Amino acid sequence: MYYKFSGFTQKLTGAWASDAYSPQGLRPVVSTEAPPIIFATPTKLSSSSTAYDYAGKNKVPELQSFFQKSDGVPIHLKRGLPDQMLYRTTMALTVGGTIYCLIALYMASQPRNK
């Protein structure tokens, strides 16, 4: 005996084999017509363009040679003044935040006077 789920009673009910293999009465439909064309105009095939036209100039080899020079400068400071300003600002905020946390811990550890 075959069973299928009844959407009306929310239970399994007895069914014929054809109903059990196509749930809720849905049957596969084979279309006899061709599907409609999505883009009716043909696309332009370009034989002269390459795949990397949109990317512009490839700067990776230049940047690799620039960053791999052994001139004694750390990699995070290689680009000069902007990198130095960013590094110094980060260090100042880190030191300032650490001092602020230590002061807040010290104040929290002291009892209040009433």
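Criteria and cut-off values
Residues numbered from 1 in each chain as written. Predicted model: local features only at pLDDT ≥ 70, side-chain atom pairs only at ≥ 80, totals over all residues. Heavy atoms only, no water. Helix = DSSP H or I, 4+ residues; strand = E, 2+ residues; numbered from the N terminus. Polar contact = N/O pair within 3.5 Å; in protein donor to acceptor, adjacent residues only side chain to side chain. Phe/Tyr/Trp six-rings, centres within 6.5 Å; stacked < 30°, edge-to-face > 60°. Pairing = 2+ DSSP bridges. UniProt positions renumbered as here; feature names shortened; annotations may be inferred. Buried < 20%, exposed > 50% of the residue type's maximum accessible area, 1.4 Å probe, protein only. Salt bridge = Lys/Arg side-chain N within 4 Å of Asp/Glu carboxyl O. pLDDT = per-residue confidence, 0-100.

Engineer: Would you mind showing me how to read the environment of Thr 90 here?
Structural biologist: Here Thr 90 is to be found in helix 3 (residues 81–109). Of the polar contacts made by the side chain of Thr 90, one reaches the backbone oxygen of Leu 86; its length is 2.8 Å.

Engineer: It is not clear to me how the packing of aromatic side chains should be interpreted in this structure. Could you clarify?
Structural biologist: Inspection of every chain in the model, using the stated rule, returns 1 aromatic pair. The interplanar angle of 75 degrees and the centroid separation of 5.2 Å between the aromatic rings of Phe 66 and Phe 67 together place this pair among those described as edge-to-face.

Engineer: Before we go on, may I ask you to explain the pairing of strand 1 (residues 2–5) in this structure?
Structural biologist: Along any regular strand, the residues point their side chains to alternate faces of the sheet. Where strand 1 and strand 2 (residues 12–15) come together, 4 bridges link them in antiparallel fashion. Following the sheet pairing, Lys 4 is matched in strand 2 by Thr 13. Taking the residues between adjacent antiparallel strands as the criterion, strand 1 and strand 2 are bridged by 6 residues, where Gln 10 takes a positive phi near 60 degrees.

Engineer: Would you mind going over the UniProt feature "transmembrane region" (unreviewed entry) in the chain with me for this structure?
Structural biologist: The feature "transmembrane region" (unreviewed entry), as annotated in UniProt, sits at residues 85–108 in this numbering. Between the first and last C-alpha atoms of residues 85–108 the distance is 34 Å; the span itself is 100% helix and 0% strand.

Engineer: Would you take a moment to explain unusual backbone geometry for this structure?
Structural biologist: Peptide bonds are mostly trans, and most non-glycine residues show a negative phi. For Gln 10, which is not a glycine, the phi torsion comes out positive at approximately 60 degrees. You can see Gln 10 is positioned in the loop between strand 1 and strand 2. Classification of Gln 10 as exposed rests on a relative accessible area of 52%.

Engineer: Teacher, can you tell me more about the pattern of salt bridges here?
Structural biologist: Note on pairing: side chains with opposite charge can pair once their charged atoms come close. Evaluated as defined, the whole model comprises 2 salt bridges. Across the pair Glu 62 and Lys 57 runs a salt bridge, and its minimum N-O distance is 2.5 Å. Here Asp 71 and Lys 78 are joined by a salt bridge, their closest N and O atoms 2.8 Å apart. Since its relative accessible area comes to 46%, Asp 71 is described here as partly exposed.

Engineer: Would you explain the confidence of the model for the chain in this entry?
Structural biologist: Close reading of the predicted structure is inappropriate where its pLDDT is low. Model confidence for the chain is summarised by a mean pLDDT of 80, while 74% of its residues fall at 70 or above. Mean pLDDT in the chain bottoms out at helix 1 (residues 17–21), which sits at 68, and peaks at helix 3, which reaches 96.

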